[in-house]
Amino acid sequence: MSAATIELGGAASADAGRDVRPGLGRLTRVELRKMTDTRAGFWLLLGTGALVALVVLITCLTGDPPDKTFRELFSNGVQAASFLLPILGILLATSEWSQRTGLVTFALVPDRLRVMTAKLLAGLVLAGVALVLCLLVAAIGTIVSAPDVPNQWTLPIGFFGQLVFYTAVGMITGVAFGAAFLASAPAIVASFLLPIAFGALGEINALDKTFDWLDTGRTLTDLADHLASATEWGRVGTSLALWMLLPLAIGFWRIVRSEIR
Amino acid sequence: MIESQGLTKRLGGRVVVEDVSFRCEPGTVTGFLGPNGAGKTTTLRMLCGFSKPDAGHAQILGGDYRALPNPGRRVGILLDASAQHAGRRGREALAITADTIGVDPGRADQLLDIVGLDKEAAKKRVRQYSLGMRQRLGLANALIGQPEVLILDEPANGLDPQGMRWMRGLLRDFADRGGTVLLSSHLLGEVDAIADRLVIIGNGKIAAQGTRDELLSGTGTLVRSADDAALRTALDAGGIAVHPVEDGLIAEAEPAAVGRAALAGGVALTHLAPSEGAGLERLFFELTATAGQEAGA
């Protein structure tokens, strides 16, 4: 009995590790674990993988030969992954509120921005995993469909970089929306509907030019399609300031100020 | 050590906690007692850095809670047993805390054992837990970092009588090893049996605080007789104020004086002793009566 009770603390223990601030690497690992150890997280990850495989498979079955190059299959896979990855990002942020685990998380790590930084990093790791998966699936698709076109394996490093960026900002935008709403359902709905509604506004002729700079539906599509020009990167920057940085700033401000319940 | 200095909190224009000051010393269990809505949880939330006080400040182990580098290794907190991911397995919830604060993940199994959650319960998702099981899991979560301080909000909620007795023993041992325990409750009986000191809060303000004996001194004598009407007359004649309680009368005087008055009135007593529990209960109700009336209105 005494061995067990001493373990429980009470007396000041002499363990040197007890006043060591948990590192960002550790916190990121914990966030990844929290993302994968629940059914919702597990199925969402699995669903993302399945969607990537499905989209690449459909392209292989129905596409024309030029669509079946490694570059095109990889780009299609990334766009499919980027459909569900933001939801993972949203849940990373909102579960602390919707499941109220914030009462434990922020008791253990009172510096809330540190926790949010770890969540962003965990999101980027997941995005990286998704990219590796897309590379694998695209490679398999290219081998199997073996399109009769020249340079079927060519993937310019610049274009690859754009797709990495594309995946990363999708994930960060998810975390940003989750942080701004602090509730899963509204954040998910908003992350799908707001860009669509905004895009529809862009159909108005007078707004068309402006929206070339503000609508991520337009600017990010360029990134997934071809090597972007300097102007196109400028448009990516301004549109992401509106759709990623602004909700991220609102979210972090809310999280730092809000009462955790 | 826990110190609350003049903590004040306004929510929605209403003062919910006003100038609350108390100290909890190592080696003691402090019961934070008050009716629902008295401001207990708000005060505990300010102590743990979840809520910013509008005035005053809180100190845990001599500093701000949020300044502790790895608070999970110093302070065990259980503010709400239901605040766990419903889809996460019990053991996994503990393992995450162990991972975060850098203790051996194997401690999760030891703690589950200590709080009485068996292997089967450990594998269940928290959604399937009863409130009592969640309290046990929450207590395990608070203890996993071998803390020196425990802050527990209504930890006895949902525990059965055996569970409450087990928890009392656990917290007593923790304090006896030099730990500091602060636990809240709205039920006097829960804390009366375990707390060395009581802090009673009503309507956001401290109504009384001290050891059990300090609070009880001067709360009177519980007296019973075969004929309470005659006893009342006798005590009135002796100039001693009385209040009827369920099982007798509380006389506002020392037992010796009450005995003399009864003898003078020729009333045979069946019980004569310092009021103890009955007095504490009456004190609790008196001190928090206004809060109760507001809540009932």
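Conventions and cut-offs
Residues numbered from 1 in each chain as written. Chains lettered and ligands numbered in written order. Predicted model: local features only at pLDDT ≥ 70, side-chain atom pairs only at ≥ 80, totals over all residues. Heavy atoms only, no water. Helix = DSSP H or I, 4+ residues; strand = E, 2+ residues; numbered from the N terminus. Buried < 20%, exposed > 50% of the residue type's maximum accessible area, 1.4 Å probe, protein only. Lys, Arg positive; Asp, Glu negative; His and termini not counted. Charge placed at Lys NZ, Arg CZ, Asp CG, Glu CD. Salt bridge = Lys/Arg side-chain N within 4 Å of Asp/Glu carboxyl O. Pairing = 2+ DSSP bridges. Axes fitted to C-alpha atoms, helices over the stretch in contact; angles between N-to-C directions. Contact = heavy atoms within 4.5 Å. Core = buried A, V, L, I, M, F, W, Y, C linked by side-chain atoms within 4.5 Å. Phe/Tyr/Trp six-rings, centres within 6.5 Å; stacked < 30°, edge-to-face > 60°. Lys NZ or Arg CZ within 6 Å of the ring centre and 35° of its normal. Buried area = accessible area lost by both parts, 1.4 Å probe. Parallel < 35°, antiparallel > 145°, perpendicular 65-115°, else oblique. Left-handed = near helix turned anticlockwise from the far one by under 90°. Nonpolar A, V, L, I, M, F, W, Y, C, P; charged D, E, K, R; others polar.

Participant: Which residues make up the overall build of chain A, and what values do they have?
Facilitator: A count of helical and extended segments in chain A gives eleven helices and zero strands. Listing the helices and strands of chain A from first to last along the sequence gives α-α-α-α-α-α-α-α-α-α-α. When the backbone C-alpha atoms are referred to their principal axes, chain A occupies close to 75 × 45 × 30 Å. A burial count over chain A gives 48% of its 261 residues as buried. Computed over 19 positive and 19 negative side-chain charges, the inter-centroid distance for chain A is 11 Å.

Participant: If you had to explain the pattern of salt bridges to someone new, which residues and values would you point to?
Facilitator: With the rule as written, the count across this model stands at 27 salt bridges over all chains. A:E72 serves as the salt-bridge partner of A:R71, at 3.8 Å between the closest nitrogen and oxygen. Given the relative accessible area of 27%, A:E72 is considered partly exposed. It is possible to trace a salt-bridge network through shared partners that takes in A:R26, A:R29, A:R33, B:E92 and B:D99.

Participant: Outline the sheet that holds strand 5 (residues 75–78) of chain B, supporting the account with residue identities and numerical values.
Facilitator: All names here are of chain B. Read across the sheet, six strands follow the order 5-6-7-3-8-9 without closing on themselves; strand pairing throughout is mixed. Sheet topology places strand 5 and strand 9 (205–211) at the edges, where each strand pairs with a single neighbour. Taken over all neighbouring pairs, the strand axes of this sheet differ in orientation by 15° on average, direction set aside. Inspection of the sheet shows strand 3 (residues 29–33) paired to strand 7 (residues 180–185) by five bridges, in the parallel sense. Pairing of T30 across the sheet is with L182, part of strand 7. Taken strand by strand, helix 1 (residues 40–47) contacts strand 3, strand 6 (149–152), strand 7 and strand 8 (197–202), and its axis lies near 150° from that of strand 7. Contacting strand 3, strand 6 and strand 7, helix 6 (residues 161–176) runs over the sheet at an angle of about 150° to strand 7.

Participant: Lay out the nonpolar core in plain terms, naming residues and giving numbers.
Facilitator: Judged by nonpolar contacts, the single largest core of 134 residues is most densely connected at B:L47 and B:L171. The dominant element in this core, judged by the number of residues it contributes, is helix 4 (residues 70–98) of chain A, at 13 residues. Apart from residues lying up to four places away in sequence, B:L47 is in contact with B:I2, B:E3, B:S4, B:L7, B:F22, B:A58, B:I60, B:Y65 and B:L182. Of all hydrophobic cores here, the second largest spans 13 residues; its members include B:A234, B:A251, B:A253 and B:V267.

Participant: Could you give an account of the environment of B:E148, naming the residues involved and the relevant values?
Facilitator: By secondary structure assignment, the location of B:E148 is in the loop between helix 5 (131–143) and strand 6. Spatially, the C-alpha atoms of B:E148 and B:A175 are 8.9 Å apart, while their sequence positions differ by 27 residues.

Participant: Just give me the short version of the packing of aromatic side chains, but keep the residues and values in it.
Facilitator: Residues and elements named next belong to chain A. All told, the structure shown has eleven aromatic pairs over all chains when counted by the stated rule. With centroids separated by 5.2 Å and ring planes inclined at 70°, the aromatic side chains of F165 and W233 adopt a geometry described as edge-to-face. Within this pair, whereas F165 is found in helix 7 (residues 157–181), its partner W233 is found in helix 11 (residues 230–257), the two being separated by 68 residues in sequence. The class for F165 is partly exposed, based on a relative accessible area of 30%. Classification of W233 by relative accessible area gives partly exposed; the value is 34%. Aromatic pair F177 and F181: ring centres 6.3 Å apart, planes at 20°, arrangement stacked. Taken together, the positions of F177 and F181, both in helix 7 and four residues apart, correspond to about one turn of that helix. We classify F181 as partly exposed; its relative accessible area is 33%. One Lys or Arg, R71, reaches over the ring of F159 and ends 4.1 Å from the middle of that ring.

Participant: For the interface of chain B and chain A, give the residues involved together with the corresponding values.
Facilitator: Reports of interface size often rely on the accessible area that becomes lost once the parts have come together. Counting from both sides, the interface comprises 49 residues of chain B and, opposite them, 40 residues of chain A. Across the interface of chain B and chain A, roughly 4100 Å² is buried in total on both sides, 48% from carbon and sulfur atoms. Scanning the region where chain B abuts chain A turns up ten salt bridges. A:E259 is paired through a salt bridge with B:R45; the nearest N and O atoms lie 3.3 Å apart.

Participant: Talk me through the packing of helix 2 (residues 24–36) of chain A against helix 2 (residues 90–101) of chain B; I want residue IDs and the actual numbers.
Facilitator: Relative to each other, helix 2 of chain A and helix 2 of chain B sit at 165°, their axes nearing to 9 Å. By the angle between their axes, helix 2 of chain A is roughly antiparallel relative to helix 2 of chain B. In this structure, the crossing between helix 2 of chain A and helix 2 of chain B has a hand that is left-handed. Every residue of helix 2 of chain B that contacts helix 2 of chain A at A:R26, A:L27, A:R29, A:V30, A:R33 and A:K34 is listed here: B:E92, B:A95, B:I96, B:D99 and B:T100. Across the contact of helix 2 of chain A with helix 2 of chain B, the residue classes tally to four nonpolar, one polar and six charged.

Geometric descriptors of this kind do not, in isolation, establish any biological role.
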